[in-house]
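Examining the three-dimensional arrangement
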Amino acid sequence: MSRPERGTRAMHQALPPALRDAVDDFAEHLSRVRNRSAHTVRAYVTDLVSLLDHAVRMGCVDLAEVDLSVLRSWLARQRTIGAARTSLARRAASARAFSSWAHRAGLVPADVGAALASPRAHRELPNVLRADQAAALVEAPGRRAPTAGPAIADPPPTDSALNDSLARPTPGAAPTAAMEAVPLRDRVLLELLYATGVRVSEACGLDVGDVDHGRRVIRVFGKGGRERSVPYGVPAQRALDDWLRRGRPAMVVARSGDALVLGARGGRLNPTTARQIVGAYAETAGLPPTSPHDLRHSAATHLLEGGADLRAVQELLGHSSLASTQIYTHVSVERLRAAYRQAHPRA
């Protein structure tokens, strides 16, 4: 098997012991010290193994031999094989993070990655629904009989259990309590995503105890385990009340634990299933393809258009940098320009 055909695991095992140990130690540092998610650690490790595999092919047998020229050669190689600018920027960031850690850990004499430049990633404006479109989406589960299954002729693949046991009831069979609970589950998921702008992983990670009904706020654990409180409105409160009173008790099983939003089998709702639910209801409502992150973009944009302070929106979204939040000001300006071009006689 040629090197380009090998996966990350095989490349990792083929590294010299010192380099392989450095990868493992860095992964443990990210997970235990930096409290990064498993997904983030996996992305860093994939980039790092690719870098060190490239370094070995250049003749490096020790970590100290991985200098700036090797880092630049690796990025150039990535660009040659067609990596996008965003991927190159991420891989350069991975190399810098590893180089900095290795220097602090005493594995290398200098932080060579500090001088590594990366292409500036082109940031496209996020997909944003209009306020009426967002309202149509979150209200979609309530515009049908709760026993009718997902609101399209061919039920969406929210998850296998939902398709097999809930979405396709036997003709003439009486609806079960779990079947009736599904629209309530879908409604609370959509309401929370749009009302709070939380990430889909954050919404799926909520426990019943994370909801403060009196103050109408939820406690969210975001990236890096950072905790924040996010308010929600009256429609989301109604959806939560219905779900906790009539929906969740019908779907709860022994392994449900404290999970707020449940999947068809009673466990915590999986983010992949949540994405499928959002996409299915968007299609039903006649909207363009929509993801949970599009609802997050929409919530942030609508807050700013309604006069919310940029710093407040940053805190609500859990952005560590204000630069991440500022993209929504560009969205608002572009929407204003589009309206001007369409409506002004001298546009």
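Just so it is clear, the model here is predicted, and its values are computed rather than measured.

Looking now at the side chain of glutamate 191. Secondary-structure assignment places glutamate 191 in helix α8 (residues 177–196). Setting aside its immediate chain neighbours within four residues, glutamate 191 contacts Val138, Pro235, Ala236 and Ala239.

Here we take up unusual backbone geometry. The backbone of asparagine 35 shows a phi angle near 55°, a positive value even though the residue is not glycine. Mapped onto the fold, asparagine 35 is located in the loop between α2 (17–33) and α3 (38–57). Take asparagine 35: its relative accessible area is 40%, and that puts it in the partly exposed class. Phi angles above zero are rare outside glycine, and arginine 216 is one such case at about 55°.

Relative to each other, α8 and helix α12 (residues 292–305) sit at 40°, their axes nearing to 7 Å. Between α8 and α12, the angle is such that the two are oblique. Listed contacts from α12 to Leu190, Leu193 and Tyr194 of α8 are Pro292, Leu295, Ser298, Ala299 and His302. Residue classes in the contact of α8 with α12 are distributed as six nonpolar, two polar and no charged.

The subject of this paragraph is the sheet that holds strand β3 (residues 227–231). For sheets, the rule is that strands pair by backbone hydrogen bonds, running either parallel or antiparallel. Taken together, three strands build an open sheet; the order of strands is β1-β2-β3 and the sheet is antiparallel. Strands with a single pairing partner mark the edges of an open sheet, and in this sheet they are β1 (211–212) and β3. By the bridge criterion, two bridges tie β1 to strand β2 (residues 217–221) in an arrangement that is antiparallel. The residue of β2 that forms the bridge with aspartate 212 is valine 217.

Two packed helices can be described by the angle between their axes and the distance between those axes. Contact geometry for α2 and α3: axes closest at 10 Å, N-to-C directions at 160°. Regarding the angle of α2 to α3, the classification is roughly antiparallel. Our pair here, α2 against α3, has a crossing hand that is right-handed. Here α2 contributes Leu19, Val23, Phe26, Ala27, Leu30 and Ser31 to the contact with α3, which in turn contributes Val41, Tyr44, Val45, Leu48, Val49, Leu52 and Val56. Tallied by class, residues from the contact of α2 with α3 come to twelve nonpolar, one polar and no charged.

Turning to the pattern of salt bridges, a few remarks are in order. Any two side chains of opposite charge can pair, on the condition that their charged atoms come close. Scanning the entire structure with this criterion turns up 13 salt bridges. For the salt bridge of arginine 90 with aspartate 47, the shortest nitrogen-to-oxygen distance reads 2.6 Å. In this pair, arginine 90 is assigned in helix α5 (residues 85–104) and aspartate 47 in helix α3, connecting sequence segments 43 residues apart. On the accessibility criterion, arginine 90 (40% relative accessible area) is partly exposed. Aspartate 47 sits in the buried class, given a relative accessible area of 3%. What emerges from the salt-bridge pattern is a single network uniting Asp47, Arg90 and Arg91.

Criteria and thresholds
- Residue positions are counted from 1 within each chain, in the order its sequence is given.
- Totals for whole chains, interfaces and linings use every residue, but because this is a predicted model, local features are given only for residues with pLDDT of at least 70 and side-chain atom pairs only at 80 or more, for both listing and counting.
- Hydrogens and water are ignored here; the side-chain numbers use all heavy atoms of the structure.
- The helix count covers DSSP runs of H or I at least four residues long, the strand count covers runs of E at least two residues long, and both are numbered beginning at the N terminus.
- Contact definition: two residues touch when any of their heavy atoms are within 4.5 Å.
- Only protein chains enter the area calculation, which uses a 1.4 Å probe; residues under 20% of their type maximum are buried, those over 50% are exposed, and those in between are partly exposed.
- All axes are obtained by fitting lines to C-alpha atoms, using only the stretch in contact for helices, and the reported angles, taken between N-to-C directions, cover 0 to 180 degrees.
- Relative orientations are named as follows: roughly parallel for angles under 35 degrees, roughly antiparallel for angles over 145 degrees, roughly perpendicular for angles from 65 to 115 degrees, and oblique for any other angle.
- Charged residues are taken to be Asp, Glu, Lys and Arg, nonpolar residues to be Ala, Val, Leu, Ile, Met, Phe, Trp, Tyr, Cys and Pro, and polar residues to be all remaining types, Gly included.
- Any two strands between which DSSP finds at least two bridges are classified as paired.
- We call a crossing left-handed when the near helix sits turned anticlockwise from the far one by less than a right angle, and right-handed when that turn is clockwise.
- By definition, a salt bridge exists where a carboxyl oxygen of Asp or Glu is found within 4 Å of a side-chain nitrogen of Lys or Arg.

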